[in-house]
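Topology and contacts: notes
Letter by letter, the chains look like this.
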Amino acid sequence: MTETDHGAGEAVAARIERRWAILSIGIVVVLVGMATFIGIHQATMPQGRVEISDPKTLHLSGEFVESNLGSALETDGSVTVRAIGQQYSFTPQCILVPAETPITLRTTSADVVHGLLIEGTNINTMLVPGYVAELPMRFKAPGEHVMPCQEFCGIGHQGMWGKVRVVDKAAFAKLAAARRRLTCVD
Ligand code: CUA
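The model shown is predicted, which means the values in this text are computed figures rather than measured ones.

What counts, and at which threshold
- Residues numbered from 1 in each chain as written.
- Predicted model: local features only at pLDDT ≥ 70, side-chain atom pairs only at ≥ 80, totals over all residues.
- Heavy atoms only, no water.
- Disulfide = S-S within 2.5 Å.
- Helix = DSSP H or I, 4+ residues; strand = E, 2+ residues; numbered from the N terminus.
- Buried < 20%, exposed > 50% of the residue type's maximum accessible area, 1.4 Å probe, protein only.
- Salt bridge = Lys/Arg side-chain N within 4 Å of Asp/Glu carboxyl O.
- Contact = heavy atoms within 4.5 Å.
- Patch = residues over 30% accessible without salt bridge, like charges linked within 9 Å, V, L, I, M, F, W, Y side chains within 5 Å.
- Areas by Shrake-Rupley, 256 points an atom, 1.4 Å probe, with all protein chains shown as cover.
- Core = buried A, V, L, I, M, F, W, Y, C linked by side-chain atoms within 4.5 Å.

1. Section: the state of the cysteines
- Applying the stated criterion to the full structure yields one disulfide.
- Note that Cys94 is cross-linked by a disulfide to Cys184, the S-S spacing being 1.9 Å. With the S-S bond torsion at -60 degrees, the cross-link from Cys94 to Cys184 turns out left-handed. Of the two residues, Cys94 is situated in strand 4 (residues 94-98) and Cys184 in the segment after helix 2 (169-178); the sequence distance between them amounts to 90 residues. Comparing Cys94 with Cys184, the two get one shared label, buried.

2. Regarding the pattern of salt bridges
- Evaluation of the coordinates by the stated rule reveals eight salt bridges.
- The residue Arg138 makes a salt bridge to Glu100 at a minimum N-O spacing of 3.6 Å. Taken together, the positions of Arg138 in the loop between strand 8 (133-137) and strand 9 (143-148) and Glu100 in the loop between strand 4 and strand 5 (103-109) put the pair 38 residues apart, joining distant regions of the chain.
- The shortest N-O distance in the salt bridge between Arg106 and Glu134 comes to 2.5 Å. Residue Arg106 is found in strand 5, and its partner Glu134 is found in strand 8; the two are separated by 28 residues along the sequence.
- Classification of Arg106 as buried rests on a relative accessible area of 8%.
- What you see here is one network of salt bridges that share partners, running through Glu51, Glu63, Arg82, Arg106 and Glu134.

3. What to know about the environment of Ala99
- The residue Ala99 is located in the loop between strand 4 and strand 5 in this model.
- What makes Ala99 buried here is its relative accessible area of 5%.
- Between the alpha carbons of Ala99 and Ile52 there is a distance of 29 Å; along the sequence they are 47 residues apart.
- Setting aside residues up to four positions removed in sequence, Ala99 forms contacts with Phe139, Lys140, Ala141, Pro142, Val166, Val167 and Lys169.

4. With respect to a nonpolar patch on the surface
- Together, Val12, Ile16, Trp20, Leu23, Ile27, Val30, Leu31, Met34, Phe37 and Ile38 make up an exposed nonpolar region whose accessible area comes to about 1000 Å².
- Its location among the elements puts Ile38 in helix 1 (residues 3-44).

5. Concerning the nonpolar core
- Judged by nonpolar contacts, the single largest core of 28 residues is most densely connected at Val97, Leu116, Ile118, Phe139 and Val164.
- Counting only elements with at least two residues in this core, the list comes to strand 2 (79-86), strand 4, strand 5, strand 10 (161-167) and helix 2.
- Among the elements that line this core, the one with the most residues is strand 4, at four residues.
- Setting aside residues no more than four positions away along its own chain, Phe139 makes contact with Val97, Ala99, Glu100, Ile103, Ile118, Thr121, His145, Val164 and Val166.

Structural data, given as structure tokens:
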């Protein structure tokens, strides 16, 4: 290897190194740009679907009247659970659902903002008065989960707890045949 070859080799190496440096900076810029775009997009675009409810008439008419709260077996075999949060309890206080079944949880608040969290699952939503929160859920096995309010809602917040009781699918079907809406206390 001659002296000139050596110099040329170094120049090539330096050029390749610079190219990789530019490329890696470029990747970082693209990623930051994507994160910024998604963040701004999500913050400024309205949700795909917004359902409203009226906290003042919640108990009087519509989907969330007391007689309609609880778990309902749908004709397609899925279950819809309707529940409301109010200072300082959930209605129903104990939600009854079958295992291994697609469940739709529909919930709202009758007064202030509450939170609904089901321990041992990824179910965690805010109950905002005036809006309906809808979440899909599914439980693998029978058991009990506590359901605390996770949003400070006033002096009784600490005591605002509910429960979810998951029962065997067949047992639930038998109960559902006898009653239109189910909760643990039926
Ligand atoms: Cu309801 Cu905290």
